[in-house]
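Structural description and commentary
Here is how the chains run, residue by residue.
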Amino acid sequence: MPGETYRRPRDDVHPPRDFPGYRGTALRHPRQPLVIVPQTLSELTGPVYGHASVTTADSDLTNRGSAEPIGERIIVEGRVIDEDGRAVRDSLVELWQANAAGRYAHRVDRHDAPLDPNFTGAGRAITDSDGRYRFVTIKPGAYPWLNHSNAWRPSHIHFSLWGPSFLTRLVTQMYFPGDPLLALDPIFNSVPDPRGRERLVSSFDLSLTQPERALGYRFDIVLRGRQATPMETRHG
Amino acid sequence: MAELTPFQTVGPFFSICLGEAGRAHIAGDNAMGRHITIEGTVRDGAGAVVPDALVEIWQANAAGRYAHPDDHQSKPLDPNFSGYGRAPTDDEGRFTIETVMPGRVPAPGDTLQAPHLLLGVLARGILTRLVTRMYFDDEPSTADDAILKLVPAERRATLIARHTTGDIYRFDLVLQGDRETVFFDV
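Since the structure is predicted, the reported quantities are computational estimates derived from the model, not experimental observations. Within each chain, residue numbers correspond to sequence positions counted from 1 in written order. As a convention, the first chain written is A and the first ligand written is 1, with the rest following in written order. Predicted model: local features are reported for residues with pLDDT of at least 70 only, side-chain atom pairs are reported and counted for 80 or more only, and whole-chain, interface and lining totals are derived from all residues.

This paragraph deals with the sheet that holds strand E9 (residues 156–161) of chain A. Residue and element names in this part refer to chain A. What makes two strands pair is DSSP finding at least two bridges between them. Each helix is a run of H or I in the DSSP string that is no shorter than four residues. Each strand is a run of E no shorter than two, and both are numbered from the N terminus. Strand order in this open sheet of four strands is E5-E4-E9-E10, and the pairing throughout is antiparallel. Across the chains shown, the open sheet's two edge strands, defined by having one partner strand only, are strand E5 (122–126) and strand E10 (170–175). Averaged over all neighbouring strand pairs, the angle between strand axes comes to 25°, with direction disregarded. Judged from the six bridges that link them, E9 and E10 form a sheet pairing that is antiparallel. Note that in E10 the partner of His 158 across the bridge is Gln 173. Fitting a line to C-alpha atoms yields each axis, with helices limited to the stretch in contact; the angle taken between N-to-C directions then spans 0 to 180 degrees.

Here's what the structure looks like:
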C-alpha cells in the first residue's frame with residue numbers, strides 16, 4: 001500500500017542470529033551487521049497464491065492414506081492477524097510435522113522410530129475472511145536430536161506463512177502447553193522475551209474440541225503491521 | 001497492539017511441504033522477457049556447502065511490474081509470470097533459479113531501481129530468516145542503484161550475479177566469513 005511501510009520488530013521479538021545453545025547457528029549466522037535499508041515497492045509486495053490449488057482436503061492430514069494415521073487426533077485452529085489486529089485473509093498457511101512416534105517422512109530423518117504409511121505430515125490451508133485457519137492432524141511425538149547430550153525436541157508443528165508482502169513472511173513452530181521439554185529446548189528458548197516464547201505455545205481449547213473425535217488446540221499468529229511512511233522511505 | 005509471533009528455524013525437514021527439489025521454475029515458457037538461469041551454491045562459515053537451505057525468490061516481471069494488488073503502476077502484468085519461487089539446495093548445496101530478467105521498479109525519490117531479485121534464506125541453524133538482494137553485473141544501472149549504494153563499497157560485489165555464458169548467471173550465498181553475503185535489516 002503506497003504511503004505505508006511495515007513496522008520494524010523490536011530487538012527482543014525474534015531469536016538472535018547467533019545462539020550458542022543451538023549449535024547449528026555457529027557457522028550459519030552472518031558476522032557482519034545487517035545493512036539497514038528502506039522498504040521499497042519490492043519489499044512491500046509479495047507472492048500471491050492461486051487459491052484454486054488449495055482444497056479443504058489439504059488441511060486434513062488424517063485422510064491421506066488407506067487408513068487413519070496412528071496417534072492422538074487433534075484440531076489446530078487459530079486466527080492470523082497483523083499487529084493492529086486486522087485479519088490476514090486469503091493467505092496461505094503451510095504446516096509440516098513429525099508423526100506420533102516422532103519421525104518425519106523425510107529421507108534425512110534417521111531417528112529409530114517407525115514411519116506411518118498413512119501420515120505424510122504436510123498440510124496447507126487458506127485463511128478465511130476473518131483470518132481463520134483450521135487443521136485436523138495428529139499430535140506429533142517428541143524426538144531426539146544431536147545438539148547436545150540427551151537432547152530432545154518438544155512436540156511441535158512447523159508453520160509457514162507469507163501474509164500480504166515479502167516483509168510479513170513468517171516461519172515458526174507451534175508447541176503444546178505443559179510440555180516439560182520446553183524448558184530444555186534451545187530452539188524454543190532462543191526467543192529472548194519470555195512473553196514471546198509464550199506466544200509459541202498453543203492453548204488447549206475445549207470449545208474447539210470435537211466430542212468423541214479430537215482434542216482442540218488454539219494457535220493465533222501475529223504478522224508485521226503497517227505504519228505511516230516517513231518521507232525519506234516513501235517510494236515513487 | 002498485538003505482539004508479533006516470533007520466528008523459529010525452518011529445520012531440516014521443510015521439503016516434505018515442497019514439490020520437486022533443487023530448482024525454482026519461476027517463469028513458464030510463455031513468460032515475456034529474456035529467460036535466464038541463475039545458478040549458485042550456499043556455503044557456511046567453514047566453507048562447507050549447505051544441503052538443507054531454502055532460497056525464496058520474489059521479483060518483478062520483465063516490464064518492471066509486481067504481480068501484487070499494491071503495485072499500481074500502469075506497466076503490463078504477465079499472466080504467465082508470478083514472480084515467486086522457492087529453490088531448495090541439493091546435496092551439494094546448489095540451487096537453480098529459472099526466471100526472466102526483471103524490469104526496473106520505482107525507488108525512493110522518484111528514481112528507478114536497477115533490476116534485482118529479493119531473496120530470503122531459510123535453513124536449519126538459521127533462527128530468523130535472512131534477507132538479501134541479487135543484482136546483475138552486465139546491467140548498467142546496477143552501479144547507480146540507490147539501495148546498493150547503502151552497502152559498503154567493498155561488500156557490494158557479494159550482491160551482484162556474474163554473467164557467465166549465454167543466459168546463465170552465477171550467484172553464490174555465503175552465510176559467514178570471507179566474502180560473506182550482505183544481508184539486510186528491512
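A separate point is the interface of chain A and chain B. Contact between two residues is assigned when their C-beta atoms, built from the backbone, lie within 7 Å. Contacts between the two partners involve 70 residues from chain A and, on the opposite side, 57 residues from chain B. When contributions to the side of chain A that touches chain B are tallied by element, the ones reaching two or more residues are strand E2 (35–36), helix H1 (41–44), strand E4 (92–97), E9, E10, helix H3 (194–198) and strand E13 (221–223) of chain A. Of the residues belonging to the side of chain A that touches chain B, the class tally is 33 nonpolar, 23 polar and 14 charged. The sheet contact formed by E2 of chain A and strand E13 (residues 184–185) of chain B spans two bridges and is parallel. Considered in E13 of chain B, the bridge of Ile 36 of chain A is made with Asp 185 of chain B. Any residue outside Ala, Val, Leu, Ile, Met, Phe, Trp, Tyr, Cys, Pro, Asp, Glu, Lys and Arg is labelled polar, Gly included; the first ten of those are nonpolar and the last four are charged.

Below, the discussion takes up the confidence of the model for chain B. Predicted coordinates in areas of low pLDDT are best not read in detail. This prediction gives chain B a mean pLDDT of 95; 98% of its residues lie at or above 70. Here the prediction assigns the complex a pTM of 0.95, and the interface score ipTM is 0.96. Each residue carries a pLDDT score, the predictor's confidence in it, ranging from 0 to 100.

What follows is about the pairing of strand E8 (residues 117–123) of chain B. Residues and elements named next belong to chain B. Exposure classification rests on a simple neighbour count of other C-beta atoms within 10 Å of a residue's own: a residue reaching 20 or more is buried, one at 12 or fewer is exposed, and one in between is partly exposed. C-beta atoms are placed from the backbone. With six of its seven residues buried, E8 lies for the most part within the structure. As defined by bridge partners, strand E3 (residues 53–58) adjoins E8 across six bridges and the pair is classed as antiparallel. Residue Ile 57 lies in a different strand from E8, and its bridge partner there is Leu 119. Taken together, the five bridges between E8 and strand E9 (residues 130–136) define a ladder with antiparallel strand orientation. Considered in E9, the bridge of Leu 117 is made with Met 134. From the end of E8 to the start of E9, which pair antiparallel, there are six residues, and Gly 125 there has a positive phi angle of about 85°.

Look at Asn 150 of chain A: it is not a glycine, yet its phi comes out positive at around 55°. Here Asn 150 of chain A falls in the exposed class, since 6 other C-beta atoms lie within 10 Å of it. Residue Asp 110 of chain B is not a glycine yet carries a positive backbone phi of 55°. Within the secondary structure, Asp 110 of chain B sits in the loop between strand E6 (106–107) and strand E7 (111–112).

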